[in-house]
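This is what each chain is made of:
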Amino acid sequence: MGFSPSFSCSAMGALILGCLLLQASNSNAQLRPDFYFGTCPFVFDIIGNIIVDELQTDPRIAASLLRLHFHDCFVRGCDASILLDNSTSFRTEKDAAPNANSARGFNVIDRMKVALERACPRTVSCADILTIASQISVLLSGGPWWPVPLGRRDSVEAFFALANTALPSPFFTLTQLKAAFADVGLNRTSDLVALSGGHTFGRAQCQFVTPRLYNFNGTNSPDPSLNPTYLVELRRLCPQNGNGTVLVNFDVVTPDAFDSQYYTNLRNGKGLIQSDQELFSTPGADTIPLVNLYSSNMSVFFQAFIDAMIRMGNLRPLTGTQGEIRQNCRVVNSRIRAVENDDGVVSSI
């Protein structure tokens, strides 16, 4: 199922809520898929309708929202710390090298928060907005649905230094990738291979690709794992000393669809960034059988992705009285003046 402008998000919301009633008991004790049933029953519709609207003018936004959730969870857990702007108390994670001038979708999260504050004031956390938005983004792009465990609360601080070290680099070897995932508790090979499949849609900047094309590991030669035809195409898109912000599709075949083509690309030497191709081209790697399996069986990939997303979403959540429910995802509540204009929008100071 690909995105269509005629897709009924209300129908999707009803489907999701119905399924959640059946599966709520499958989550862990802290987070529950039915967390907002009584307090904000239209949360899926509100978030989904905004994504549908954004997709009409920005086909990248689904992948960008999934990436925001990933980059949030890898830094001290899924607590929406990535959404905080600079303050006198901390430096924003948006300035960290893995996020600066590449993480995007913050304005879309703002739209969701404003709409949810109107419908359900001080109820839905920014961390849960990110989680729901990533799931609906995958669904609207042709990927699977899953019961999203909810009930997270928001961090009151950001972690700039940790964002610089915890997030996997596009230049990582397989050993480095495994270490980065294990450091946050995602220590199964399937976690790494399935979550990497999020690169089945979206774009990357040439600056993260160019070293493979001209001077791989200081050899003054291209990465030998690159398909020769693909190398020629990438060099055309990303010339040496060219504009590093030019965008290239992760998946040359189905660039905006969430499917298993990513793994077929790896088998053909057409992984866009080094850390992706490492999953298949590292000799003797235990990731190779999974790449082959997910390439040949999309249903198996979808189930592995669901399992890994739920595991990632459960990384160190703030629950109960921990953290807070931010009224503005960019600002902690202590710095917000709760003054509402005629439209019910909270203004920050």
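All figures in this text were calculated on a predicted structure; none of them were measured in a lab.

Here we take up the overall build of the protein chain. When you go through the protein chain residue by residue, the secondary structure sums to 14 helices and 4 strands. Within the protein chain, the fraction of its 349 residues that count as buried is 54%. Sequence-distant contacts, at least 24 apart, represent 75% of the contacts inside the protein chain between residues at least 6 apart. Per element, the accessible surface of the protein chain, about 14400 Å² overall, is 52% carbon and sulfur.

The next point concerns the side chain of threonine 282. Tracing the chain through its elements places threonine 282 in the loop between helix 12 (274-281) and helix 13 (288-296). In this structure threonine 282 comes out as buried when scored by relative accessible area, which is 19%. Aside from chain neighbours lying at most four places away, what touches threonine 282 is Leu174 and Ile288.

Spanning 16 residues, helix 14 (residues 298-313) covers 22 Å between terminal C-alpha atoms, matching the ideal 22 Å at 1.5 Å per step. Within helix 14, burial applies to Phe301, Phe302, Ala304, Phe305, Ile306, Ala308, Met309, Met312 and Gly313. Tucked inside the fold, the buried residues of helix 14 contact helix 3 (61-73), helix 5 (126-140), helix 8 (189-196), helix 11 (261-267) and helix 13. Where helix 14 begins, the capping side chain belongs to asparagine 297, and its oxygen is found 3.2 Å from the backbone nitrogen of serine 299.

Glancing now at the nonpolar core. One recurring pattern in soluble globular proteins is that nonpolar side chains are buried together. Counting residues in hydrophobic clusters, the biggest one holds 79 residues, and the most contacted among them are Ile47 and Met112. Broken down by element, this core gets its largest block of residues, 9 residues, from helix 5. What methionine 112 contacts, discounting residues up to four positions off in sequence, is Ile47, Ile50, Ile51, Leu65, Ile129 and Ala133. Counting residues in each nonpolar core, the second largest holds 14 residues, with Ala204, Val209, Tyr230 and Leu234 among its members.

A few words on the packing of aromatic side chains. The way to describe two aromatic rings as a pair is by their centre distance and the angle between their planes. Summed over all chains, the structure comprises 15 aromatic pairs. Aromatic side chains phenylalanine 70 and phenylalanine 74 sit 4.5 Å apart centroid to centroid with 20° between the ring planes, which places their arrangement in the stacked category. Each of the two residues, phenylalanine 70 as well as phenylalanine 74, counts as buried. For the ring pair tryptophan 146 and phenylalanine 305, a centre distance of 5.9 Å and an interplane angle of 75° mean the geometry is edge-to-face. Linking tryptophan 146 in the loop between helix 5 and helix 6 (160-166) with phenylalanine 305 in helix 14, this pair joins segments that are 159 residues apart in sequence.

Remark: helix 2 (residues 43-55) packs on helix 5, axes separated minimally by 10 Å, with the N-to-C direction vectors making an angle of 55°. On the basis of their axis angle, the class for helix 2 and helix 5 is oblique. Between helix 2 and helix 5 lies a crossing whose hand is right-handed. Packed against helix 2, whose contacting residues are Val43, Phe44, Ile47, Gly48, Ile51, Val52 and Leu55, the element helix 5 presents Ile129, Ile132, Ala133, Ile136, Ser137 and Leu140 at the interface. Of the residues that constitute the contact of helix 2 with helix 5, the class distribution is 11 nonpolar, 2 polar and no charged.

On to the UniProt feature "site: Transition state stabilizer" (unreviewed entry) in the protein chain, then. The UniProt entry lists Arg67 under the feature "site: Transition state stabilizer" (unreviewed entry), expressed in the numbering used here. Mapped onto the elements, arginine 67 comes out in helix 3. Assessed through its relative accessible area of 29%, arginine 67 is described here as partly exposed. Residues in contact with arginine 67, not counting those within four places in the same chain, are Pro98, Ser102 and Ala103.

Right, let's talk about the state of the cysteines for a bit. Applying the stated criterion across every chain, the model contains 4 disulfides. Covalent S-S linkage joins cysteine 73 and cysteine 78, the inter-sulfur distance amounting to 2.0 Å. Disulfide cysteine 73 to cysteine 78: torsion about the S-S bond roughly 120°, handedness right-handed. By relative accessible area, cysteine 73 is classed as buried at 1%.

Within the secondary structure, glutamate 324 sits in the loop between helix 14 and strand 3 (336-340). Taking relative accessible area as the criterion, glutamate 324 reaches 13% and is therefore assigned buried. Every residue in contact with glutamate 324, bar those within four places of it in the chain, is listed here: Arg153, Asp154, Val156, Val332 and Asn333. A distance of 2.9 Å separates the side chain of glutamate 324 from the backbone nitrogen of asparagine 333, its partner in a polar contact.

Conventions we followed
- Residues numbered from 1 in each chain as written.
- Predicted model: local features only at pLDDT ≥ 70, side-chain atom pairs only at ≥ 80, totals over all residues.
- Heavy atoms only, no water.
- Helix = DSSP H or I, 4+ residues; strand = E, 2+ residues; numbered from the N terminus.
- Buried < 20%, exposed > 50% of the residue type's maximum accessible area, 1.4 Å probe, protein only.
- Contact = heavy atoms within 4.5 Å.
- Areas by Shrake-Rupley, 256 points an atom, 1.4 Å probe, with all protein chains shown as cover.
- Expected span 1.5 Å × (residues − 1).
- Polar contact = N/O pair within 3.5 Å; in protein donor to acceptor, adjacent residues only side chain to side chain.
- Core = buried A, V, L, I, M, F, W, Y, C linked by side-chain atoms within 4.5 Å.
- Phe/Tyr/Trp six-rings, centres within 6.5 Å; stacked < 30°, edge-to-face > 60°.
- Axes fitted to C-alpha atoms, helices over the stretch in contact; angles between N-to-C directions.
- Parallel < 35°, antiparallel > 145°, perpendicular 65-115°, else oblique.
- Left-handed = near helix turned anticlockwise from the far one by under 90°.
- Nonpolar A, V, L, I, M, F, W, Y, C, P; charged D, E, K, R; others polar.
- UniProt positions renumbered as here; feature names shortened; annotations may be inferred.
- Disulfide = S-S within 2.5 Å.

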